[in-house]
Amino acid sequence: MNTETRLQDEFPTRLERKVEMFQRLDPVVHTPEERWAEGPLSEERVREFDEKGFMFFESFFSQDEMDGFIRELKDYEDDEDLKVSEGTILEPGKEEIRSIFGIHEISERFDRLTRDPKLLAMVKQLLDSDVYIHQSRINYKPGFKGKGFNWHSDFETWHSEDGMPKMRCLSCSIVMTDNNEFNGPLMLIPGSHKNFIPCVGRTPENNYKKSLKSQTIGVPDDRSLQQLMDEGFIEAPKGPAGSLIVFECNTLHGSNTNMSCWPRSNLFFVYNSVHNTLVEPFCGNKPRPQFLANRKNWEPLKPV
Ligand code: 6CS
Ligand code: FE
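Residues numbered from 1 in each chain as written. Chains lettered and ligands numbered in written order. Predicted model: local features only at pLDDT ≥ 70, side-chain atom pairs only at ≥ 80, totals over all residues. Heavy atoms only, no water.

(A) Representation of the layout of surface pockets. In this structure, the largest pocket occupies an estimated 420 Å³ of space. Around the largest pocket, the lining is made up of 30 residues, and of these Phe149, His152, Asp154, Leu212 and Gln215 lie nearest the centre. Only β4 (97-101), β5 (131-139), β6 (149-152), α7 (154-162) and β11 (253-255) provide two or more residues apiece to the lining of the largest pocket. Looking at the lining of the largest pocket, the element that brings in the most residues is α7, giving four residues. Looking at side-chain class alone, the lining of the largest pocket contains eight nonpolar, 15 polar and seven charged residues. Taken together, His104, Glu105, Asp111, Tyr132, Ile133, Gln290, Asn294, Asn297, Glu299, Pro300 and Leu301 make up the full set of residues lining the second largest pocket. Elements supplying a minimum of two residues to the lining of the second largest pocket: α4 (103-106) and β5. Along the lines of polarity and charge, the residues of the lining of the second largest pocket split into four nonpolar, four polar and three charged. (1 Å grid on protein atoms, 1.4 Å probe; cavity = no way out; pocket = protein on both sides within 12 Å on 5 of 7 lines; lining within 4 Å. Points joined across faces, edges and corners; volume = space filled by probe spheres on them. Helix = DSSP H or I, 4+ residues; strand = E, 2+ residues; numbered from the N terminus. Nonpolar A, V, L, I, M, F, W, Y, C, P; charged D, E, K, R; others polar.)

See below:
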């Protein structure tokens, strides 16, 4: 008999019938509370992240720190080879770029940014461990053409389709072009990270080929969303290029279509604890490609 033991699936989802949401099983902040004041984040900031599931820093990086990144971003938009690579997702109409995945594996500059000492120290304080990059991407959301992203928990996808065992992972979203109220800023539901919402619907093979354009599988039901929105409302942090949104892997988020003329381009680095490395996908499908879920390099990141 095959003695291979499958990790028990603590977060069953992509089910045939609805199962009620339940309280998360893992801490939000993995550092014990008695050590929350050790820094670099203040105890207040750590508590805010624990409570809300995200936090916002206006101008975390200065404008001149951002200039080089923004220039490189523009170069990618005009790179025809990049447009046809598997890790690049186009908007409907196949002209504008929606996302470029694996950006830290394409660009030395962005790779160094994943190891920025300020970012890394803060992430390690929250996850209380060494970390590696699970996924990186740029979401361009171009003016007039940038479509939105349905409400979802990233962890629900990364657990089900990438085999991420527990909630010991977070995203740093670095604002590359000013995020204002009109160009589809990231919206998050405060407190939503405290519940796991099992979703209905089996995961098709190669689901990512569709989900990265428009996610329909792994999207929470309206009744659960209504309950969490009534409890926590919605926040849409806004700010200039260089601002930073840090959000927990299970915090519900989404964004609207960009109807303005200004792009809303955000960079996302997903930091996973080295104690939370991927196992077989819990949905039972074959693992997703490397540009979506890093299975090759789980070395602890060292600051530049
Ligand atoms: O499938 C994923 O990994 C991606 N999907 C969404 C909607 N957010 C996280 C991630 O970029
Ligand atoms: Fe997401």
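(B) Looking closely at unusual backbone geometry. Along the chain, Gly39 connects to Pro40 via a cis peptide bond; the corresponding omega equals 0 degrees. Here Pro40 is to be found in the loop between β1 (22-23) and α1 (43-52). Unlike most non-glycine residues, Arg14 shows phi in positive territory, near 60 degrees. Note that Arg14 resides in the segment before β1. Assessed through its relative accessible area of 2%, Arg14 is described here as buried. We note that Phe144 has phi near 65 degrees; this positive angle belongs to a residue other than glycine. With respect to the helices, strands and loops of the structure, Phe144 is situated in the loop between β5 and β6. Here Phe144 falls in the exposed class, since its relative accessible area comes to 58%. (Buried < 20%, exposed > 50% of the residue type's maximum accessible area, 1.4 Å probe, protein only.)

(C) Region of interest: the site of ligand 1. Taken together, the neighbourhood of ligand 1 is formed by Phe101, Gln135, Arg137, His152, Asp154, Thr157, Trp158, Leu212, Gln215 and Arg288. Interatomic distance of 3.0 Å between a side-chain N/O atom of Arg137 and an oxygen atom of ligand 1. Between ligand 1 and Arg288, the relevant distance is 2.9 Å, taken from an oxygen atom to a side-chain nitrogen or oxygen of the residue. In isolation ligand 1 exposes 300 Å². Once the protein is present, 94% of that is buried. Among the detected pockets, ligand 1 sits in the largest pocket. (Near = heavy atom within 4 Å. Polar contact = N/O pair within 3.5 Å; in protein donor to acceptor, adjacent residues only side chain to side chain. Areas by Shrake-Rupley, 256 points an atom, 1.4 Å probe, with all protein chains shown as cover. Sits in = over half its atoms within 2 Å of the grid points.)

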